[in-house]
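Letter by letter, the chains look like this.
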Amino acid sequence: MKVIVTKKLFLLLIIGVFLGYVSVHAISMTEPYDPEKDPLVVDKSDVMLNSRMDSALRYPTQAMPIYEEHFNAYEAYTANQMTPGYKEYTFGNVSKDGQVYGRKFFRLGQGPPIETGGPLDVYVEGKAFFVIQGPFGQGYTRDGRFVLDSYGRLATIADYFLVMGENGPIVLDDTEAVYINANGEIYKNDRMIDRIRLVQFANLGEIDSFNSHIFYPVYGPGSVDLEENPKYYIRQGFYEGSAVVKGLIGELPRFKHGYLASAYTVQRTLRMYQNALTMGTP
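Residues numbered from 1 in each chain as written. Predicted model: local features only at pLDDT ≥ 70, side-chain atom pairs only at ≥ 80, totals over all residues. Heavy atoms only, no water.

1. Comments concerning the side chain of Ser212
- By secondary structure assignment, the location of Ser212 is in the loop between strand E15 (207–209) and strand E16 (214–217).
- Here Ser212 falls in the buried class, since its relative accessible area comes to 5%.
- Once residues lying within four places of it in the same chain are set aside, the contact partners of Ser212 are Gly85, Tyr86, Lys87, Tyr89 and Phe106. (Helix = DSSP H or I, 4+ residues; strand = E, 2+ residues; numbered from the N terminus. Buried < 20%, exposed > 50% of the residue type's maximum accessible area, 1.4 Å probe, protein only. Contact = heavy atoms within 4.5 Å.)

Next comes the structure, spelled out in C-alpha cells:
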C-alpha cells in the first residue's frame, strides 16, 4: 500500500514540475512590444543620430521624419478622395529606450455607397472585407467593383485579383441573370453558384496595404486574427466610395508647425553650440 502511494505522489510531483516548466517557458516566450520588429513602423534609420548626442538635437531630429510621414499621408488622402474602397491611414508615435518611432495605423471607416446598377458591383454594409487571391497570396479589399476575367472567374477591376468564395474562385462565365443576396450568396439562373467569402479583422494591427485599398497580412498567411461571426449586409449594384473624410488642407498647419518647431530647435541648438565654441577664441 505504501508503494502505491509513493508512486502516485511521484507521478503528481513529475506532473507539477512539468506544468511549472511549461508555464514559465510560456511566460518567457511572451516578448514585450518591440517597435524595431513591427513591420508597420516607419524605417527612418538613415536619419537616426547617435543615442549619446544631446537630446536637444536628437529628439527634434527624430520627430521631423514623423511629421513628414503625416504630411505624406494627407497628400495621399487628397489624391485618393475619389478612389473606391480607399482607407485613411495615419501615424502614431511609439517609443523605446527614449527613441521615438512612427507607426502606421489604418482608419477603416465606411465609405459611401455609389450606385451603378451593375450586376457585379457589390457594397458591404459593416466592417467585413472581401477575400481576394493575388500573386502575393491571400489579400482583402473593400473595393466591390468586380468583373469577369478571361476564364469567366469573378475578379477585382483593379489588377484582376480573384474574388474568393467559400469553395474557392467563383466561376460565372457571363453576367446574365446574376443575383447576389444580402448574405453574399451568388445565384445564376436561380441556381446558387457560391457565397462570396468575407472576413472581419479582430486586430487591425495585423494587416498592411500596398495602396490603402488592397490589404494583406503583415505576418504571413494564416496569421490574421478574425472574428468568428462577421456582421455585414451586401447590396448588389453599388460599390464603396473612398472613406477619406478630410484632405490635405485641414491638417496641414498642425504638421507644418510641428516640423518647423523641430527644425527651429535644431537650428537654435547648433547656433548655441557654435557661439559656445567661439566664446573662448581670442
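Picking up where we left off.
2. Topic: the sheet that holds strand E11 (residues 178–180)
- Pairing is antiparallel across the open sheet formed by 3 strands, whose spatial order is E11-E12-E13. Looking at the sheet topology across the chains shown, the edges are occupied by E11 and strand E13 (191–195). Neighbour-to-neighbour, the strand axes of the sheet open up by a mean angle of 25°, direction not taken into account.
- As judged from the 3 bridges shared by E11 and strand E12 (residues 185–188), these two strands associate in the antiparallel manner. Bridged to Tyr179 within E12 is Tyr187. (Pairing = 2+ DSSP bridges. Axes fitted to C-alpha atoms, helices over the stretch in contact; angles between N-to-C directions.)

3. Description of the pairing of strand E5 (residues 129–134)
- Taking burial as the measure, the 6 residues of E5 include 5 buried ones, the bulk of the element.
- Two strands pair when backbone bridges link them, and E5 and strand E14 (residues 198–199) are joined in this way by 2 bridges, in the antiparallel orientation. Among the inter-strand pairings, Phe130 is bridged to a residue of E14, identified as Leu198.
- By the bridge criterion, 5 bridges tie E5 to strand E6 (residues 137–141) in an arrangement that is antiparallel. Residue pairing across strands places Phe130 opposite Thr141, the latter belonging to E6.
- Counting the residues in the hairpin turn of E5 and E6 gives 2 residues.
- Relative to strand E9 (residues 162–165), E5 is paired through 2 bridges, and the arrangement is antiparallel. Residue pairing in the sheet places Gln133 in a bridge with Leu162 of E9.

4. With respect to the nonpolar core
- Tyr77, Tyr86, Tyr89, Tyr140, Phe201 and Phe215 are the most contacted members of the largest nonpolar core, which totals 20 residues.
- Elements with a contribution of two residues or more to this core: helix H2 (55–79), strand E1 (88–96), E5 and E9.
- In terms of residue count, the dominant contributor to this core is H2 (4 residues).
- The contact partners of Tyr140, leaving out residues within four places of it in the chain, are Phe129, Phe130, Val131, Ile132, Val199, Phe201, His213, Ile214, Phe215, Tyr216, Pro217 and Val224. (Core = buried A, V, L, I, M, F, W, Y, C linked by side-chain atoms within 4.5 Å.)

5. Let's talk about the environment of Tyr74
- By the element assignment, Tyr74 lies in helix H2.
- In this structure Tyr74 comes out as buried when scored by relative accessible area, which is 3%.
- The spatial distance from the C-alpha of Tyr74 to the C-alpha of Phe255 is 10.0 Å, given a sequence separation of 181 residues.

6. Focus on the pattern of salt bridges
- Going through the model one piece at a time under the given rule, you end up with 6 salt bridges.
- A salt bridge links Glu240 to Lys87; the shortest N-O distance between them is 3.1 Å. Of this pair, Glu240 sits in strand E18 (residues 238–240) while Lys87 sits in the loop between H2 and E1, and the two are 153 residues apart along the sequence. Each member of the pair, Glu240 as well as Lys87, carries the same accessibility label: buried.
- The residue Arg142 makes a salt bridge to Glu240 at a minimum N-O spacing of 2.8 Å. (Salt bridge = Lys/Arg side-chain N within 4 Å of Asp/Glu carboxyl O.)

7. What about unusual backbone geometry?
- Within the chain, Asp159 stands out as a residue other than glycine whose phi angle is a positive 75°.
- Judged by its relative accessible area of 55%, Asp159 falls in the exposed class.
- Of note, the phi angle at Asp190 is positive, near 65°, even though the residue is not glycine.
- Along the chain, the position of Asp190 falls in the loop between E12 and E13.
- On the basis of relative accessible area, Asp190 is assigned to the exposed category, the value being 78%.

8. Re the environment of Phe130
- By the secondary structure assignment, Phe130 is in strand E5.
- Of the residues examined, Phe130 reaches a relative accessible area of 0% and is grouped as buried.
- Along the primary structure Phe130 and Asp143 are separated by 13 residues, whereas in three dimensions their C-alpha atoms are 8.1 Å apart.
- Sequence-distant contacts of Phe130, defined by excluding residues within four places in its chain, comprise Val122, Val124, Gly139, Tyr140, Thr141, Arg142, Asp143, Gly144, Phe146, Ile196, Arg197 and Leu198.

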